[in-house]
Amino acid sequence: MSEKQEWPLFEVFIRARSGLEHKHVGSIHAVDARMAIEHARDVYTRRQEGISIWVVRSSEMVASDPEEADALFEPARDKVYRHPTFYAIPDEVKNL
Amino acid sequence: MYTQGLDSLGKDCLHQEGIDSAQLEARFQGKVDADDKIEPKDWMPDAYRHTLIRQISQHAHSEIVGMLPEGNWITRAPTLKRKAVLIAKVQDEGGHGMYLYSAAETLGISRDQMFEQLLSGAAKYSSIFNYPTPTWADVGAIGWLVDGAAIMNQIPICRCSYGPYARAMVRICKEESFHQRQGFEIMMTLARGTEAQRRMAQDAISRWWWPSLMMFGPSDAQSKHTAQSMRWKIKRFTNDELRQKFVDITVPQADFLELKVPDPDLRWDAQAQHYHFGPIDWNEFNAVLKGNGPCNRERLQARQTAWDDGRWVREAALAYAEKQRLRDKTRAA
């Protein structure tokens, strides 16, 4: 076994309550996914912060590049007509 | 938080054509000035990265070494309730170390590198943890004064410009409040107890007061990092501002306990609306920082022993995971 081998890194996602989505809370080192869940339990849910944990190897995560954020998200910027407030409706019209 | 795997993508950003480093730096400072957060893959000046690695890793080391003086009392806590509380608190400190190591790792340093820096003495940890805890009242004084000073330091860091550090601090500050209150409650119980218990409480505040004030670091005139760190919004207040704030809120708490703050120069300055306090013995601070405090060698030795004794566990766990992986692969084939 090589002297320098570190335990792999996992990203941790926690569902706080039933009905809510899992949310990224941080990362954890572990040898495998099962240990990652056990360690995430100890590190991230000491005060009932969750009822469900997801872990995924950090090396498997794919993310957009912040330098390309403009190119990626700019197309949505000028499409205000996608929001309901774009449309002027007289006050007397109800339930719309 | 946010992965070593992603770092390899981030490096490409450094080589964008047509953008020189002055422009990148101006854009970076603009973001910081606008109270925008810097995230792991964003471009940042090397000095910002290194300052953060130094500060976050030393903060993490402080949490980990900080488990030792209090851990000393777990087996001897006076009641089952106090024991359960102390275990929970020490476990929190371990957790805080983990949040912070993760945050530092997003800047491109590995966990093992940080451990090596701690063990070799290249990285420091808070000088306060080099003081001994000879009595139970020390556990109370640490929670009340040391964690109190830590909270004072840490609350502004919740708004730090570096996202992962700020988020770790939000989590930590939420949990620290319990530490401070349980410490004050221990002091209150002792202060209202027998004469011997009162003396024990007084002895603890007498020993921990000055080291707690030193936790805020050198005075502003001597602090070499303050100005740049404030420009980068890693720091929001100077060491002296935070120290004064701590004295102002803590002295009335000592008065409530009817314990004496060990400072003959301490007095309320009605005009300034602050407590005036006496000079800090910076020679002591520097001596402890250089490794000559009462427990420096003992603390580092304890970390070294834990690291060495844990080696076979780290290796065996990895070997077991690898064996399972191969077995699963064979079964699937």
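Calculation notes
Residues numbered from 1 in each chain as written. Chains lettered and ligands numbered in written order. Predicted model: local features only at pLDDT ≥ 70, side-chain atom pairs only at ≥ 80, totals over all residues. Heavy atoms only, no water. Helix = DSSP H or I, 4+ residues; strand = E, 2+ residues; numbered from the N terminus. Contact = heavy atoms within 4.5 Å. Areas by Shrake-Rupley, 256 points an atom, 1.4 Å probe, with all protein chains shown as cover. Patch = residues over 30% accessible without salt bridge, like charges linked within 9 Å, V, L, I, M, F, W, Y side chains within 5 Å. Salt bridge = Lys/Arg side-chain N within 4 Å of Asp/Glu carboxyl O. Buried < 20%, exposed > 50% of the residue type's maximum accessible area, 1.4 Å probe, protein only. Pairing = 2+ DSSP bridges. Axes fitted to C-alpha atoms, helices over the stretch in contact; angles between N-to-C directions. Buried area = accessible area lost by both parts, 1.4 Å probe. Core = buried A, V, L, I, M, F, W, Y, C linked by side-chain atoms within 4.5 Å. Parallel < 35°, antiparallel > 145°, perpendicular 65-115°, else oblique. Nonpolar A, V, L, I, M, F, W, Y, C, P; charged D, E, K, R; others polar. pLDDT = per-residue confidence, 0-100. Left-handed = near helix turned anticlockwise from the far one by under 90°.

### As for the overall build of chain B
Logical step 1: A count of helices and strands for chain B gives 14 helices and two strands.
Logical step 2: For chain B, the spread of C-alpha atoms along the three principal axes comes to 75 × 55 × 35 Å.
Logical step 3: A sequence separation of at least 24 residues applies to 77% of the contacts in chain B between residues at least 6 apart.
Logical step 4: Surface accessibility of chain B: about 15800 Å² in total, with carbon and sulfur atoms responsible for 56%.

### Some thoughts on a nonpolar patch on the surface
Residue and element names in this part refer to chain A.
Logical step 1: On the surface, a cluster of nonpolar side chains totalling about 740 Å² of accessible area is made up of Val80, Tyr81, Phe86, Tyr87, Ile89, Val93 and Leu96.
Logical step 2: Secondary-structure assignment places tyrosine 81 in the segment after helix H2 (69-73).
Logical step 3: Overall, the relative accessible area of 43% leaves tyrosine 81 in the partly exposed class.

### Observations regarding the sheet that holds strand E3 (residues 52-57) of chain A
Residue and element names in this part refer to chain A.
Logical step 1: With antiparallel pairing, the three strands of this open sheet are ordered in space as E2-E1-E3. Edge positions in the open sheet fall to strand E2 (22-29) and E3, since each of these has one partner strand only. Looking at each pair of strands side by side, their axes are set apart by 30 degrees on average, direction ignored.
Logical step 2: Relative to E3, strand E1 (residues 9-15) runs antiparallel, the two being bridged by six bridges. Bridge pairing in E3 places valine 12 opposite valine 55.
Logical step 3: Packing against the sheet, helix H1 (residues 33-44) makes contact with E1, E2 and E3, and its axis sits at approximately 105 degrees to E2.

### Some words on the interface of chain A and chain B
Logical step 1: Listed per partner, the contact involves 29 residues of chain A and 36 residues of chain B.
Logical step 2: Summing both sides of the interface, chain A and chain B together bury roughly 2700 Å²; the carbon and sulfur share of this comes to 53%.
Logical step 3: Across the chain A-chain B interface, the total number found is five salt bridges.
Logical step 4: With a closest N to O distance of 3.4 Å, arginine 47 of chain A and glutamate 175 of chain B form a salt bridge.

### What to know about the nonpolar core
Logical step 1: Ranked by internal contacts, the top residues of the largest apolar core, which has 52 residues, are Val12 and Tyr44 of chain A together with Tyr48, Ile56, Tyr162 and Tyr165 of chain B.
Logical step 2: Residue contacts for tyrosine 162 of chain B: discarding those within four places in its chain leaves Ile38, Glu39, Pro40, Met44, Tyr48, Leu52, Ile56, Ala103, Thr106 and Leu107 of chain B.
Logical step 3: Counting residues in hydrophobic clusters, the runner-up holds 50 residues, among them Trp73, Leu86, Met187 and Phe285 of chain B.

### Considering the pattern of salt bridges
Logical step 1: Scanning the model with the defined rule gives 25 salt bridges over all chains in all.
Logical step 2: We note a salt bridge from aspartate 147 of chain B to lysine 89 of chain B, for which the minimum N-O separation is 2.8 Å. Of the two residues, aspartate 147 of chain B is situated in helix H7 (residues 137-154) and lysine 89 of chain B in helix H5 (residues 80-105); the sequence distance between them amounts to 58 residues.
Logical step 3: The shortest N-O distance in the salt bridge between arginine 207 of chain B and aspartate 203 of chain B comes to 2.9 Å. Pair noted here: arginine 207 of chain B and aspartate 203 of chain B are both in helix H9 (residues 195-214), with a separation of four residues, about one helical turn.
Logical step 4: Linked by salt bridges that have partners in common, Arg46 and Arg47 of chain A together with Asp92 and Glu175 of chain B make up one network.

### So, the packing of helix H8 (residues 163-191) of chain B against helix H11 (residues 239-257) of chain B
Residue and element names in this part refer to chain B.
Logical step 1: For the pair H8 and H11, the least separation of the axes is 10 Å and the interaxial angle reads 30 degrees. The orientation of H8 relative to H11 falls into the category roughly parallel. Taken together, the residues of H11 that come into contact with H8 (itself represented by Phe184, Met187, Met188 and Ala191) are Gln253, Phe256 and Leu257.
Logical step 2: Per-class residue counts for the contact of H8 with H11 are six nonpolar, one polar and no charged.

### Some words on the pairing of E1 of chain A
Logical step 1: Counting buried positions along E1 of chain A gives six out of seven residues, so the element sits mostly inside the fold.
Logical step 2: Hairpin geometry of E1 of chain A and E2 of chain A is characterised by an intervening segment of six residues between the two adjacent antiparallel strands and by a positive phi of about 100 degrees at glycine 19 of chain A.

### Details of the confidence of the model for chain A
Logical step 1: Per-residue pLDDT for chain A has a mean of 93; in total, 96% of the residues score no lower than 70.
Logical step 2: Summarising per-element confidence for chain A, the mean pLDDT is lowest in H2 of chain A (91) and highest in E3 of chain A (98).

### Some thoughts on unusual backbone geometry
Residue and element names in this part refer to chain A.
Logical step 1: A positive phi angle, close to 55 degrees, is found at asparagine 95, a residue other than glycine.
Logical step 2: Assignment of secondary structure puts asparagine 95 in the segment after H2.
Logical step 3: Among the residues examined, asparagine 95 registers a relative accessible area of 82% and is labelled exposed.

### Some details on the pairing of E2 of chain A
All names here are of chain A.
Logical step 1: Within E2, six of the eight residues are buried, which leaves the element mostly enclosed by the surrounding structure.
Logical step 2: One ladder, built from seven bridges, connects E1 with E2; its direction is antiparallel. Note on E2: the bridge partner recorded for isoleucine 14 is lysine 23.

### What to know about the packing of H7 of chain B against H9 of chain B
Axis angle and axis distance: for two packed helices, these are the angle between their axes and the distance between the axes, and together they describe the pair.
Residues and elements named next belong to chain B.
Logical step 1: Orientation of H7 relative to H9, taken along the N-to-C sense of each, is 30 degrees, at an axis distance of 9 Å. When the axes of H7 and H9 are compared, the pair comes out roughly parallel. Read as a crossing pair, H7 and H9 show a hand that is right-handed. Taken together, the residues of H9 that come into contact with H7 (itself represented by Ala137, Asp138, Ala141, Ile142, Trp144, Leu145, Val146 and Ala149) are Met200, Ala201, Ala204, Ile205, Arg207, Trp208, Trp209 and Ser212.
Logical step 2: Split into classes, the residues belonging to the contact of H7 with H9 amount to 13 nonpolar, one polar and two charged.

### As for the confidence of the model for chain B
Residues and elements named next belong to chain B.
Logical step 1: On average, residues of chain B carry a pLDDT of 93, and 95% of them reach 70 or more.
Logical step 2: Low pLDDT (under 50) marks residues 1-14, which in the prediction has 36 contacts with non-local residues, meaning those over four places away or in another chain.
Logical step 3: Two numbers describe this predicted complex: its pTM, 0.90, and its ipTM, 0.87.

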